[in-house]
Amino acid sequence: MTERPRKIAGASTAALLAIALASCGGGGYLEIPIETPIAPKLDVTPFQRVYVAGFLAGANDDVDANMETVRLIRSQLRNKNILRVVDADTVALAEKALEEVEPPPPPPPAPGAEPPPEPEPGQLPAVTDERSLDLYAKVFDDAAYWKRVGEEHEQPLIVTGSVLFVPHQRSGFVQREQEQYDSFGRRQVVPVRAYMERKGYILRPTFVFIDGRTGEQLYSESFREEILYNSEQQTPALSSYFELMDRLLPTFLNTLSAQKIRGSRVLLK
């Protein structure tokens, strides 16, 4: 049986079961909790250790995206007991990337604006768009370099990559709910469209998994999340960073270990 007929047959069986249960009388329904296992994307059985080596991140005065991501990923791996986390300093990834790639000249400042500060030695220039860090992605293909890093840490699975975390703003019409009262004083909640200025942040991490025995890249995956607030709302940048990371952490963890998605199914009684 091909995949499509199999799916149709499964859906038909479920529909017939629901009809049969409904015809038994009694009415109502029965909600059954279920768990759906999801297999990991990467086979980590050859490794005993995992080393979070650091991330490329442009200069940002509000959040050190490199170190915050290192701390968060290490904490999650320890909590989930996924391999043994190597407790060591991160590599000088920005310095290595700058050795291999000549950074592009900074864009001219807007009229009347101050030019951006010069980056410190070994620090990437300020990154303001989602494609800038891709210029340095070739550092993750340097197998000889990553093999040396692996040898220094007992040939673990290496987790590295890049993290872009930048302010973002958008204006336009948004739909929100508004309370209204009719002539009889009855309360109603109706959707209304309003033009609003909103600001927030974009988070675009790319996770790269490297074999510490050979230095070869095993797998990589990119994410993009954004969050917007009303213009008058003051939300700390670090709070927004963690809120955005919370959205993608389950998918990241599923790369290394099996995860379970909890849900429910409803059966008619």
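Located above this text is the structure these notes cover.
Residues numbered from 1 in each chain as written. Predicted model: local features only at pLDDT ≥ 70, side-chain atom pairs only at ≥ 80, totals over all residues. Heavy atoms only, no water.

Caption draft 1: View of the side chain of Thr-160. Along the polypeptide, Thr-160 turns up in strand E4 (residues 157-181). According to the relative accessible area criterion, Thr-160 is buried, its value standing at 0%. Those residues in contact with Thr-160 that sit more than four places away from it in its chain are Ala-53, Gly-54, Phe-55, Leu-93, Phe-140, Trp-146, Thr-206, Phe-207, Val-208 and Ile-210. (Helix = DSSP H or I, 4+ residues; strand = E, 2+ residues; numbered from the N terminus. Buried < 20%, exposed > 50% of the residue type's maximum accessible area, 1.4 Å probe, protein only. Contact = heavy atoms within 4.5 Å.)

Caption draft 2: Summary view of helix H3 (residues 93-100). For H3, every residue scored as buried is listed here: Leu-93, Ala-94, Lys-96 and Ala-97. All buried residues of H3 project into a common sector of 160 degrees when viewed along the axis, lining one side. (Arc of directions from axis to C-beta.)

Caption draft 3: Just unusual backbone geometry, in detail. Positive phi is not limited to glycine here, since Leu-83 has a value of about 60 degrees. The topology assignment puts Leu-83 in the loop between helix H2 (65-79) and strand E3 (84-85). In this structure, Gln-155 is a non-glycine residue whose phi angle is positive, near 50 degrees. Take Gln-155: it is sitting in the loop between helix H4 (143-152) and E4.

Caption draft 4: Quick peek at the pattern of salt bridges. This structure, assessed with the given rule, holds seven salt bridges. The residue Lys-41 makes a salt bridge to Glu-221 at a minimum N-O spacing of 3.0 Å. Note that Lys-41 is positioned in the loop between strand E1 (29-38) and strand E2 (49-56) and Glu-221 in strand E6 (residues 217-222), a separation of 180 residues in sequence. Residue classification places Lys-41 among the partly exposed positions, given a relative accessible area of 34%. Its salt-bridge partner being Glu-225, residue Arg-247 comes within 3.3 Å of it at the nearest N-O pair. (Salt bridge = Lys/Arg side-chain N within 4 Å of Asp/Glu carboxyl O.)

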